[in-house]
Amino acid sequence: MAVISRIKNSKTEEKSVLKQYGLFAVYFVLGFVLSFGKVVGDITPFGVSITAASPKRYFPFAAAGAFIGTLVGGINARSARYLAAITIALIGAIAAASFELYHRPAFVMTMAFLADFASGVVLCLNLGSDFGEYVTVASEALLCSGGTYFFYKTINASYKRLRFRALPVSDVGCVVISAGIVVMNLSALRIGSVCPARIAAMFIVLCAVRYSGDRRALILALSLGFSLSISNSGALFIVGAMAFSALVALLFHGISSFTTGGAFLCTTGFFAAASDSEIAMPFFIEALIATAVFVLLPQVVCDKLEQAFAFGDNEAPDGSLRQNLVLKLRFASSAMAAISESVDAVRERINELARKKNDYDREMLSDEEYIRREIVLEKTNQIRMVASDQFFSISDMLGDLAFEFDEAEIFDTASAAKIRRLLGDYNIFPSNVSVIEDKFSRVRVEVLTDGNAEASNNGKLTNEVGKILGRYFDMPRITNFKNETMIAYTERPNYRLTVGFAQHSAQGKLCGDTVKVIQDGRGHSILIISDGMGKGSRAALDGAMGAGLISKLITAGFGFDTALKVVNCALLVKSNDESLATLDIISIDLYTGKCEIYKAGAPASYIIKNNSITKCELTSMPAGILRGIEFAKRTAVIGCDDSVVLMSDGISDLGKEWVEHTLSALNGLGVQETADAVLTRALAECEGKKHDDMSIIFAKLERN
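Residues numbered from 1 in each chain as written. Predicted model: local features only at pLDDT ≥ 70, side-chain atom pairs only at ≥ 80, totals over all residues. Heavy atoms only, no water.

(A) A look at the sheet that holds strand 13 (residues 632-637). Strand order in the open sheet formed by 5 strands is 7-8-9-10-13, with antiparallel pairing between adjacent strands. The open sheet has two edge strands, strand 7 (513-519) and strand 13, and neither has a second partner. Across the sheet, the mean angle separating the axes of adjacent strands is 15° when strand polarity is ignored. Pairing of strand 9 (residues 581-589) with strand 10 (residues 594-600) involves 6 bridges; the strand directions are antiparallel. In the strand pairing of strand 10, isoleucine 585 is matched with tyrosine 598. (Pairing = 2+ DSSP bridges. Helix = DSSP H or I, 4+ residues; strand = E, 2+ residues; numbered from the N terminus. Axes fitted to C-alpha atoms, helices over the stretch in contact; angles between N-to-C directions.)

What follows is the structure, encoded as structure tokens:
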């Protein structure tokens, strides 16, 4: 083990050393490149800037590169002036490192300004320059100081995990400007009349047009175009050419790389033809080379470029809005729970005092009045208990929302932008599009729109959404709110649930059982039977209320336990009379076959797995009787061609043997035929006897 540990430590140290030498080389190259490129005329202040802005251990290499880069242009009065300025900047960098002043950008900028300004003034004095030359020196010193600031901010930006989108806007601006300065200096390099830096810049813009967003591509085109346009006299047309060419290319980028490149090249050619600059023809040749390289890129490289331009888009960075929202929801959940506890304590105290007073007045009250007061006190206490429970329910809801946001691992904003454009082609203009990947790598798309969503129920659109994300999706689930519509695309799961159900009303036309089958938008099929107390319309109302409320809450994203608390509170305050409903729920994960069984006063369910029937019976209380009821829970796993059976007590009361014998006898029928046959046999079994409402759900898991 010790040997292995030493080997690992040796490899780590080796990587660290290589990284260190790599950074030395980077600063040397930057100093070299930034010292020989000219901005306008003979102004080359950026070698001084990078020397002053470089941190401890790296500024000697930046200064060495700047020295050599300055000498490349030959030895004359101006190069001697810049060598002196670089030397002064180097002394300033040493002072900053020695006295721990590097963390103060104002000091670094001041040193760069003084280095450039002092050397420029000395040169002007020796040459006997006029006032205009001194103004130029002052302007150059300001440019040198500004460049130092941009380099300093770029070098010291937080690149942890290379999440570019996590940087503040000011740091992003400094990074872009610094890159533009480097490109501007590289434009001094020529192969004949062709500039490789301009080819690289146009290639980057084309990639940004194709694989990045509209704003990024335009910002990049403007920044690089401006940098290239001020590096040469007569090159100002480049900024307009690159920006407008990028804009035109964006109109065609959704078709193919060929159309994107063609649009860019044609627009660039127009600007080159319209310009009388001597670099117009070389500029067009450079655009032709960049476009050809872009169009001929192999698919493997294109995929890598798409990942590079989207890098960081798919992940919520540390300290992101998502995490902040999760924290706030959890804090709010804790606060609501504390409020509920306080309200409950106050309720108990008020109830205790009210009961004592009623007992104290007992001798002055008639029996009828005393009983009436007791009833009023009890009902008032129940209402206060429900109010306390509602605070607990709100706390649980906030906790469920926090869990859901925290479970979302990736928010794919790049794909969301593509889907937004796609929906526009179908006359759907969403207010929000979210592409969310959870910790199980399952993707769902949620689209919120205030317009007509009928066009979304389209197989072609669903396929195109799938192509954007590289997944297969089911047809969307459309949920209408008051003024908005939610369109939810769920990644096609491994299984699908085929469901059959049947009902019989024991009294009148209204059945006291309510049957619901819902999809939660996250790959779960949920089966619900709610049985109201008694028969007829009142039982139907309780059953419908229980099933309706819990299905809406589950669909909205709340957990089963939270939803049960809300249903329980609603039934407790519904009327003066006793009002209750059983809840029998099975949630089936269509990706894995995992079944979660929830029962609140419900009878047994059955699982048919490999032709073997298993009874699932859990003891629990129905909703609407007492406070604080909870689901009894059980988990099972089913596979392809296995089935689950839910039934109300009108059928289950016939006994375990009868149910298992009937299900075995009906083996091989379709799901709806099985549900109908079970109900028919149950009615025949109860003929001539008093019986309850009957409901059955028979569901079979099949390969999707």
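(B) Summary view of the packing of aromatic side chains. Per the stated rule, a full pass over the model turns up 12 aromatic pairs. Judged by centre distance (4.2 Å) and plane angle (15°), the rings of phenylalanine 24 and phenylalanine 61 are stacked. Placement of the pair is phenylalanine 24 in helix 1 (residues 2-36) and phenylalanine 61 in helix 3 (residues 59-72), with a sequence separation of 37 residues. Since its relative accessible area comes to 17%, phenylalanine 24 is described here as buried. A relative accessible area of 31% places phenylalanine 61 in the partly exposed class. Consider the rings of tyrosine 598 and phenylalanine 631, whose centres lie 5.5 Å apart with planes at 65°: the pair is edge-to-face. You can see tyrosine 598 sitting in strand 10 and its partner phenylalanine 631 sitting in the loop between strand 12 (612-616) and strand 13, a full 33 residues away along the chain. (Phe/Tyr/Trp six-rings, centres within 6.5 Å; stacked < 30°, edge-to-face > 60°. Buried < 20%, exposed > 50% of the residue type's maximum accessible area, 1.4 Å probe, protein only.)

(C) Spatial organisation of the pattern of salt bridges. Applying the stated criterion to the full structure yields 15 salt bridges. Each member of the salt-bridge network shares a partner with another, and the members are Arg81, Asp116 and Glu140. (Salt bridge = Lys/Arg side-chain N within 4 Å of Asp/Glu carboxyl O.)

(D) Representation of the sheet that holds strand 12 in the model. Spatial ordering of the open sheet is given by 6-15-14-11-12, a layout of 5 strands whose pairing is antiparallel. Each having just a single partner strand, strand 6 (495-504) and strand 12 make up the two edges of the open sheet. The mean inter-strand angle of the sheet, taken between neighbouring strand axes irrespective of direction, is 15°. Pairing geometry for strand 11 (residues 605-609) and strand 14 (residues 643-647), over 3 bridges, is antiparallel.

(E) Quick peek at the side chain of serine 525. Looking at the element boundaries, serine 525 is found in strand 8 (residues 524-532). Given a relative accessible area of 3%, serine 525 falls into the buried group.

(F) Just the packing of helix 2 (residues 46-53) against helix 6 (residues 131-155), in detail. With their axes 8 Å apart at the nearest point, helix 2 and helix 6 run at an angle of 40° to one another. In this view, helix 2 runs oblique relative to helix 6, as classed from their interaxial angle. Regarding helix 2 and helix 6, the two cross each other, and that crossing is right-handed. The segment helix 2 lies against helix 6, with Phe46, Val48, Ser49, Ile50, Ala52 and Ala53 engaging Leu143, Cys144, Gly147, Thr148, Phe151, Tyr152 and Ile155. Partitioning the contact of helix 2 with helix 6 into residue classes produces 10 nonpolar, 3 polar and no charged. (Parallel < 35°, antiparallel > 145°, perpendicular 65-115°, else oblique. Left-handed = near helix turned anticlockwise from the far one by under 90°. Contact = heavy atoms within 4.5 Å. Nonpolar A, V, L, I, M, F, W, Y, C, P; charged D, E, K, R; others polar.)

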